[in-house]
Amino acid sequence: MTIACLAASFAAQAKEWTTIRFATDASYPPFESKAPDGSLVGFDIDQGNEICARIHAKCVWIENSFDGMIPGLKARKFNAVLSSMTMMPKLEEQIAFSVRLYDTGSRLIVATGSNLHPDAESLAGKSVGVE
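Residues numbered from 1 in each chain as written. Predicted model: local features only at pLDDT ≥ 70, side-chain atom pairs only at ≥ 80, totals over all residues. Heavy atoms only, no water.

### Regarding the state of the cysteines
Piece 1. This model, assessed by the stated rule, comprises 1 disulfide.
Piece 2. In this model, Cys52 is linked to Cys59 through a disulfide, with the two sulfur atoms separated by 2.1 Å. On the sign convention where negative is left-handed, the bridge of Cys52 and Cys59, at about 95° about the S-S bond, is right-handed. Both residues of the pair, Cys52 and Cys59, belong to the buried class. (Disulfide = S-S within 2.5 Å. Buried < 20%, exposed > 50% of the residue type's maximum accessible area, 1.4 Å probe, protein only.)

This is the structure we're talking about:
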């Protein structure tokens, strides 16, 4: 996961920032979700709050659908995205990413006793859903 930033020089200009508007999709615990009181919680929220604390800026959290993150960033509705986004070459053509914060590998899980196996041959012709 990385922080998607529109401004490639975000870190270099950090001293000038008094407010950072972070977009997040609060539907992906434990990275970002809502506590029972409605506040945003999770690893990504903690990361953003720490960034703001270190540069003495105010954090403003903007909830946004994940599909709208890149369009919103490009439209400058927020300064950065903190919502578990995978770095892909196609996305890197549109936005600037921070260094990778963590790596979340993909896994295939099938029911015990199933004739399916976690390989391409076993899954040929099957429909696979991912989140």
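### What about the environment of Ile70?
Piece 1. Mapped onto the secondary structure, Ile70 falls in helix α2 (residues 69-74).
Piece 2. Linking Ile70 and Ala80, residues 10 residues apart in sequence, is a C-alpha distance of 9.6 Å.
Piece 3. Setting aside chain neighbours within four positions, we find Ile70 in contact with Met85, Leu91, Gln94 and Ile95. (Helix = DSSP H or I, 4+ residues; strand = E, 2+ residues; numbered from the N terminus. Contact = heavy atoms within 4.5 Å.)

### Looking at the pattern of salt bridges
Piece 1. Overall, the coordinates contain 2 salt bridges when judged by the stated rule.
Piece 2. Between Lys34 and Glu63 there is a salt bridge, and its shortest N-O distance comes to 3.1 Å. Residue Lys34 is located in strand β3 (residues 33-34), and its partner Glu63 is located in strand β5 (residues 58-63); the two are separated by 29 residues in the primary sequence. (Salt bridge = Lys/Arg side-chain N within 4 Å of Asp/Glu carboxyl O.)

### Overview of helix α1 (residues 43-55)
Piece 1. End to end, α1 covers 19 Å across 13 residues, agreeing with the expected 18 Å (1.5 Å per residue, within 8%).
Piece 2. Contacts from the buried residues of α1 go to β2 (19-24), β4 (40-41), β5 and β6 (80-85).
Piece 3. His56 occupies a position one or two residues after α1 and carries a positive phi of about 60°. (Expected span 1.5 Å × (residues − 1).)

### Quick word on the nonpolar core
Piece 1. In this structure, Trp17, Ile20, Phe22, Ala26, Leu40, Ile45, Cys52, Ala57, Cys59, Trp61, Ala80 and Leu82 together form the largest nonpolar core, which totals 12 residues.
Piece 2. In this structure, Met69, Leu73, Met85 and Leu91 belong to the second largest nonpolar core, which totals 10 residues. (Core = buried A, V, L, I, M, F, W, Y, C linked by side-chain atoms within 4.5 Å.)

### Focus on the pairing of β6
Piece 1. With 6 of its 6 residues buried, β6 lies for the most part within the structure.
Piece 2. Inspection of the sheet shows β2 paired to β6 by 2 bridges, in the parallel sense. Across the sheet, the residue bridging to Phe22 is Ala80, located in β6. (Pairing = 2+ DSSP bridges.)

### So, the confidence of the model for the protein
Piece 1. Per-residue confidence for the protein averages 83 on the pLDDT scale, and 88% of its residues sit at or above 70.
Piece 2. Ranking the helices and strands of the protein by mean pLDDT puts β4 first, with 97, and strand β1 (residues 2-5) last, with 49.
Piece 3. Low pLDDT (under 50) marks residues 5-12, which in the prediction has 12 contacts with non-local residues, meaning those over four places away or in another chain. (pLDDT = per-residue confidence, 0-100.)

### Here we look at the pairing of β2
Piece 1. By the bridge criterion, 6 bridges tie β2 to β5 in an arrangement that is parallel. What sits directly across from Ile20, in β5, is Cys59.

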